[in-house]
Each structure stands twice: as C-alpha cells, then as structure tokens.
Amino acid sequence: MSLRDAIDNFYERLVLDAIDATREESDTADYLTDVMCVALNRLPARYYRHTIDMMFYLADEELKDMKAKSLAAVRQARDFVRQHQRD
C-alpha cells in the first residue's frame, strides 16, 4: 500500500452521501463529478487513516454539522456547475 492510499478525506464520503440524497434523473456522471469537485473545494479537508478512528473520535454534533455543511456545499455546487456548463 502506498502512502497515497493510506489516508482518506472524510468529507469525500459525506459529499457522496449528499449527492446521492439530491440526485436527479437528468444528472450525468460528468455533471456529478464536477459537482463533487466544486463541493469538496468549498469544504475543509478532514483526513483520517482508519475509519474506526474517525468515527470513535468524532462527536455526534460535529458529525451532524459536517453533514449539514456537505449538503449545503453540494447544493451550492449544483447551482454553480449548472450556471457554468459548457455547450
């Protein structure tokens, strides 16, 4: 395993969950990939090495706040990507 594969950003999982929660029939894979990139760029990085460590040390209120921020970032990213789509 390389060092690159040894860590993850917890917000990636939360943004994917928010994208799934707001998915529309007309969403394409390219559109959703752009949405994910824009949303993640608007959120702080929260790296972890082992999922169990992240879940054990994360307070319920902090997780709730991170989920809300992720959903807001995805909604804003959807609007931004729609407004800046190339023909």
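Anything mentioned here points back to the structure above.
Notes on the structure follow. (Residues numbered from 1 in each chain as written. Predicted model: local features only at pLDDT ≥ 70, side-chain atom pairs only at ≥ 80, totals over all residues. Heavy atoms only, no water.)

## Describing the side chain of Asn-9
Item 1. Inspection of the secondary structure puts Asn-9 in strand β1 (residues 8–9).
Item 2. The buried category is assigned to Asn-9, whose relative accessible area is 11%.
Item 3. One polar contact links the side chain of Asn-9 to the main-chain amide nitrogen of Arg-46, over a distance of 3.0 Å.
Item 4. Aside from chain neighbours lying at most four places away, what touches Asn-9 is Leu-40, Pro-44, Ala-45, Arg-46, Tyr-47 and Tyr-48. (Helix = DSSP H or I, 4+ residues; strand = E, 2+ residues; numbered from the N terminus. Buried < 20%, exposed > 50% of the residue type's maximum accessible area, 1.4 Å probe, protein only. Polar contact = N/O pair within 3.5 Å; in protein donor to acceptor, adjacent residues only side chain to side chain. Contact = heavy atoms within 4.5 Å.)

## Quick look at helix α1 (residues 10–21)
Item 1. Its 12 residues place the ends of α1 17 Å apart at the C-alpha level, agreeing with the 16 Å of an ideal helix rising 1.5 Å per residue.
Item 2. Looking at α1, one finds that the buried residues are Phe-10, Tyr-11, Leu-14, Val-15, Ala-18 and Ile-19. In an axial view of α1, the angular spread of the buried residues amounts to 165°, which keeps them on one side of the axis.
Item 3. Against the buried residues of α1 lie β1, α2 (29–41), β2 (47–48), α3 (51–57) and α4 (60–83). (Expected span 1.5 Å × (residues − 1). Arc of directions from axis to C-beta.)

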